[in-house]
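# Summary of structural features
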Amino acid sequence: MSEVRLDNVQGNILRGYRGGLRHVRHMMLAVADPAAARRFLAAASRGGSVDVPAITRAPHWGAADPPACFNIGLTHAGLRALGVAEAMLATFPREFVEGMAERAVKLGDIGDSAPANWPAPFDRPDRIHLVATGYANSPGTLDAMQAAASRAFDVLGVRDGRARTERDVLGSDRDGDNLPARRVFFGYADSIAQPRFAVDGHAGSSSTRPLQPLGTVLLGYPTQLEGVFFRVPLSDELGRDGAFNAFRVMAQDVSAFEAYLDDAGEALLRLEQAGGPPLLPVDAEASFDRPIDRLGALREAVAAQMCGRWRNGTPVAVSPFHPLPAGSRKAFNDFDYRGATTCPAGAHIRRVNPRDGMIVQRNANYARQLVRRGTPYGPDFDAAQPDDRERGLLGNFLCASLGAQYEAVMSDWLNLGLSNPDVTGINDPLIGTNTPEMSVFDLRLADGLYHHLRGFPRFVTTRGGSYTFLPSLAAIDYLAALPG
Amino acid sequence: MADGGWLDRFVDSLPTRGWFKFISNHLVVPLWAWREPTPRLPGGPRPATAPGDGLQRMMNLIMPLKEKTPIGRARVAVAIGQNLDALYTGLDNVGTIHFARFVIVDNNLCMMSVYDGDFDSYVRDFIVSIGNVFDAVLQFIEDADDVVPTRRNVEKFVAWVHARDVFQLPDFATDLFALQAAARRPSADGSPRPLTALPRAVILQLRANRNVSLGSGFRGYAGFSAAQIRQRLGIGW
Ligand code: HEM
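Please read all numbers here as calculations on a predicted model, not as lab measurements.

Rules behind the numbers
Per chain, the residues get numbers from 1 upward, laid out in the order the sequence is written. Just so you know, chain letters begin at A and ligand numbers begin at 1, following the order they were written in. The model is predicted, so local features are restricted to residues of pLDDT at least 70 and side-chain atom pairs to those at 80 or more, both for listing and for counting; the totals for chains, interfaces and linings are taken over all residues. To get the side-chain values, all heavy atoms of the structure are used, and hydrogens and water are removed first. Secondary structure elements follow DSSP: runs of H or I no shorter than four residues count as helices, runs of E no shorter than two count as strands, and numbering proceeds from the N terminus. For a compact globule the rule gives 2.2 Å times the number of residues to the power 0.38, and the radius of gyration it is set against comes from C-alpha atoms. Any residue under 20% of the maximum accessible area for its type is buried, any over 50% is exposed, and the rest in between are partly exposed; the area is computed with a 1.4 Å probe on protein chains only. Any two residues whose heavy atoms approach within 4.5 Å are treated as being in contact. Confidence scores per residue from the predictor, reported as pLDDT, run from 0 to 100. A donor here means an N, O or S atom no more than 2.8 Å from the metal, or no more than 3.2 Å when the metal is Na, K or Ca. Since water is not included, a site may seem to lack partners. Geometry is summarised by axes, namely lines fitted to C-alpha atoms with helices restricted to the contacting stretch, and by angles between N-to-C directions that run from 0 to 180 degrees. These descriptions rest on fixed angle ranges, namely under 35 degrees for roughly parallel, over 145 for roughly antiparallel, 65 to 115 for roughly perpendicular, and the rest for oblique. Think of a salt bridge as a Lys or Arg side-chain nitrogen and an Asp or Glu carboxyl oxygen that are within 4 Å of each other. Nonpolar residues are Ala, Val, Leu, Ile, Met, Phe, Trp, Tyr, Cys and Pro. Charged residues are Asp, Glu, Lys and Arg, and all others, Gly as well, are polar. The rule for a residue being near a molecule or strand is that one of its heavy atoms must lie within 4 Å of it. The term polar contact refers here to a pair of N or O atoms within 3.5 Å; inside protein, the definition further demands a hydrogen-donor-capable atom paired with an acceptor-capable atom, and it admits residues adjacent in sequence only when both atoms are side-chain atoms. What goes into a patch is any residue over 30% in relative accessible area without a salt bridge, connected to like charges within 9 Å or, for nonpolar side chains (Val, Leu, Ile, Met, Phe, Trp, Tyr), within 5 Å. Each accessible area is a Shrake-Rupley result for a 1.4 Å probe, and residues are judged covered by the shown protein chains and nothing else. Being paired, for any two strands, means DSSP has found at least two bridges between them.

## Examining the overall build of chain A
Helix and strand counts for chain A come out as 13 helices and 13 strands. Computed over its C-alpha atoms, the radius of gyration of chain A comes to 22 Å, within 12% of the 23 Å expected for a compact globule of 484 residues. Taken along the three principal axes of its C-alpha coordinates, chain A extends 75 × 50 × 45 Å. In chain A, buried positions account for 60% of the 484 residues. Of all intrachain contacts in chain A linking residues separated by at least 6 positions in sequence, the fraction that spans at least 24 positions is 71%.

Structure below.
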């Protein structure tokens, strides 16, 4: 495989920053003055400017992590606004040209999630030209980045154009903060599974999971599909080392989720008390990582099976009846679904990455992998005082082909369940377009038989998003030098 | 409608009169088409909102032959025949295909198939599975040189197939208006069109898309994927 030039790759593609940097801000920018925008890009690529944040690159940082990181993605409209010629614009794949809002039906963005219901700035997708993302440990640093961006671009969707520092703002807010213990709302540990690349210093490199070819996420390299290359946009030279990203703002109805777990737990308790088959073996609760009663354990088991992981990250495929003591990320990622797995086929993580498990599309194992960079947004949730304020996940799904990876996962696996005949026609329980009348999820009981869980609503609603191209540094320099 | 008056009877008989047909086809329809530009609509099923609609979707791919002679037709017939085993193994590996067959109609090679799920994924999985075999067939097809080898031209090949898969008239006839409006955007004014405009809309669309599928087709056991049927028959998915 050809060697990758890490200093040509934006830093957030092969590595996440969440370990060290707590706050994230996604800034939606519009090009008002192309010359000013290009000057900003030139300075951001060069670095060393006091006025413009430098783009973070991929090479190993050594001992000291930088105090802040900054990366950019461009929409197709943004590339045009910067002055990219029509012939070059035509080299981009169709789904990127059309943009996320146009692909709504395929992505399951219907009903409440339809683009027509997205708040500003996502109500006008054509206006979004750049998505700039800042990562820092203090909101003040993010404010400074935004102030810098506002001198070169229009900052969309923020009240009176000013940055906000409070985390609990609603609607147009795109600030994310780490929750304690790398949790996301709904209470699960996140950032455990990522595709693993043979790149020096890459986070996943200590795992024993199979290595993925770089073409899984970077353009211009061999992909997981034998002999298949995705088209490199712009030119072989300029497009190489870039990636595509699906940025999604996903609101999570935590109250509804916890309330549903209450109902399901109680129903399962009544069922076993009436002599029905139990979900967990007798006394499974004694093996939990903390004191818990039977009802609590059943409730947690429902949450675990819907996701495919217990809330502390333990894979259900490894430990079907209780979570293991919070282990290392590596230990929680070294498993697969070969043979008779104990993880239900409908579980979120088995749908979106079937690993080595048998699937209908025999060539597709590992071919639709996504690099995930997500951060929770909105106020903390207090289970003792449930409220309905907007909170959720700012998700970034990075890949070399939005069509072949992100969209294929969303349409065929998440929403349609096509990978396994046992769940075909059934939506993802955690994030699918479910209705209480139609929803169903097959829980795997202690005896290996299944129990239909019904009546759950949709827990996740799309509030906006954008398909972006994460250009290489060479491509940023090219954009910065465009005439006109 | 006809209440028996001579004028009604005359008007009703118009469509059968040769001179009237001639004027309609050569003057009236082109004039309409000029006044009401009707873009060619892309082929294949449209993304489905209900999970059941995402299963058993129809492909009617029409690929004009380069050589429109008995020899040309024989060439492609032989190319398919020689690769039949490989093609069928590949189709099996895609995993989501119910049926597929190759047919020569006039000077076109047609691939008719029934598959589950997203169109783009289907075509992409098809390339991964049998791209190299299909490349050998594509050398006899018009305007296909640009998409060979398919594994290096995935995006182009998906678009190429999309353009040659025939347009599927909506199952609910009036849905055609919305599709036409979307295709005409941004000039579409969005105002609802009267039902009486439907026959004209169909005529104009059939002028733009010469070959169409009349609706999405009949399904003898709707709502089941190929893998679900195999699983239930106990023949392994
Ligand atoms: C608010 C919405 C979502 C929530 C709460 C959520 C939650 C989770 C959780 C808790 C995990 C397990 C953590 C891990 O394995 O690292 C996970 C994994 C994953 N999720 Fe989601 N998710 C959401 C949306 C999505 C979407 C839209 C996709 C789109 C394709 C997706 C794709 C994945 C993938 C690929 C994995 C890794 C699975 C693996 O490799 O084993 N998720 N998600």
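## Comments concerning the confidence of the model for chain B
Scored by pLDDT, chain B comes out at a mean of 88, with 95% of its residues at no less than 70. In the predicted assembly, ipTM is 0.90 and pTM is 0.93.

## A short note on the coordination of the iron atom of the ligand
On the protein, His-348 of chain A (NE2) is the one donor atom to the iron atom of the ligand, at 2.2 Å. Looking at the element boundaries, His-348 of chain A is found in helix α11 (residues 348–352).

## Considering the packing of helix α5 (residues 119–138) of chain B against helix α6 (residues 154–164) of chain B
Residue and element names in this part refer to chain B. Direction vectors running N to C along α5 and α6 enclose 95 degrees, while the axes themselves pass 10 Å from each other. As summarised for this structure, α5 and α6 are arranged roughly perpendicular, according to the angle between their axes. Listed contacts from α6 to Phe-119, Asp-120, Val-123, Arg-124, Phe-126, Ile-127, Phe-134 and Leu-138 of α5 are Val-154, Phe-157, Val-158, Trp-160, Val-161 and His-162.

## Focus: the interface of chain B and chain A
The interface of chain B with chain A comprises 34 residues on the first partner and 34 residues on the second. The interface formed by chain B and chain A contains six salt bridges. Taking the shortest distance from any N to any O, the salt bridge between Lys-106 of chain A and Asp-120 of chain B comes out at 3.2 Å. If you list the elements that add at least two residues to the side of chain B that touches chain A, you get α4 (84–94), α5, α6 and α9 (226–233) of chain B. Ranked by residues supplied to the side of chain B that touches chain A, first place goes to α5 of chain B with six residues. The class makeup of the residues in the side of chain B that touches chain A is ten nonpolar, twelve polar and twelve charged.

## Re the site of the ligand
All names here are of chain A. Contacts to the ligand come from 24 residues, most closely from Ile-192, Arg-309, His-348, Arg-355 and Arg-372. Within the side chain of His-348, an N or O atom sits 3.0 Å from a nitrogen atom of the ligand. Looking at the shell around the ligand, the elements with two or more residues in it are β8 (243–252), α11, β10 (392–399) and α12 (402–415). Looking at the shell around the ligand, its residues break down into 16 nonpolar, four polar and four charged.

## Overview of the side chain of Ser-45 of chain A
Residue and element names in this part refer to chain A. Inspection of the secondary structure assignment puts Ser-45 in helix α2 (residues 34–46). The buried category is assigned to Ser-45, whose relative accessible area is 5%. Setting aside anything within four residues of it in sequence, one finds Ser-45 in contact with Ile-55, Arg-57, Leu-473, Ile-476 and Asp-477.

## A word on the environment of Trp-61 of chain A
All names here are of chain A. Summarising the element assignment, Trp-61 is placed in the loop between α2 and β2 (68–74). Along the chain, Trp-61 and Asp-33 lie 28 residues apart, while their C-alpha atoms are 34 Å from each other. If we skip the residues at most four places from it in the chain, Trp-61 touches Arg-15, Tyr-17, Thr-56, Pro-66 and Cys-69.

## Quick word on a nonpolar patch on the surface
All names here are of chain B. A surface patch of nonpolar side chains, amounting to about 930 Å² of accessible area, comprises Trp-6, Leu-7, Phe-10, Val-11, Trp-19, Phe-22, Ile-23, Leu-27 and Val-28. Counting residues per element, the ones that place at least two in the nonpolar patch are α1 (6–13) and α2 (18–35). When you line up the elements, Ile-23 lands in helix α2. Judged by its relative accessible area of 36%, Ile-23 is partly exposed.

## Side note on the packing of α2 of chain B against helix α8 (residues 198–208) of chain B
All names here are of chain B. Closest axis-to-axis distance for the α2/α8 pair is 10 Å, and the angle between their directions is 90 degrees. Here α2 is positioned roughly perpendicular relative to α8, judged by the angle of their axes. For the pair formed by α2 and α8, the contact residues are Val-29, Pro-30, Trp-32 and Ala-33 on the first element and Arg-200, Ile-203, Leu-204 and Arg-207 on the second. Along the lines of polarity and charge, the residues of the contact of α2 with α8 split into six nonpolar, no polar and two charged.

## Focus: the pattern of salt bridges
Side-chain pairs of opposite charge can arise where the charged atoms are in close proximity. In the structure shown here, the tally under the stated rule is 32 salt bridges over all chains. Arg-338 of chain A is the salt-bridge partner of Asp-336 of chain A, the closest N and O atoms lying 2.8 Å from each other. In this structure Asp-336 of chain A comes out as partly exposed when scored by relative accessible area, which is 22%. Here Arg-338 of chain A falls in the exposed class, since its relative accessible area comes to 57%. Put simply, Arg-338 of chain A and Asp-356 of chain A hold a salt bridge, and the shortest N to O gap is 3.1 Å. On the criterion of sequence distance, the pair formed by Arg-338 of chain A in the loop between α10 (294–307) and α11 and Asp-356 of chain A in the loop between α11 and β9 (371–377) is long-range, its members being 18 residues apart. Bridged by salt links that share partners, the residues Arg-94, Glu-98, Arg-103, Lys-106 and Glu-407 of chain A together with Asp-118 and Asp-120 of chain B form one connected network.

## So, the sheet that holds strand β2 (residues 97–105) of chain B
All names here are of chain B. The strand order across the open sheet built from three strands is β1-β3-β2, with neighbouring strands paired in antiparallel fashion. Two strands in the sheet have a free side with no partner beyond their single neighbour: β1 (57–64) and β2. With direction set aside, neighbouring strand axes in the sheet form an average angle of 15 degrees. Pairing analysis gives eight bridges linking β1 to strand β3 (residues 108–115), with the strands arranged antiparallel. Residue pairing in the sheet places Met-58 in a bridge with Val-114 of β3. Here helix α3 (residues 70–82) sits on the sheet in contact with β2 and β3, set at roughly 155 degrees to β2.

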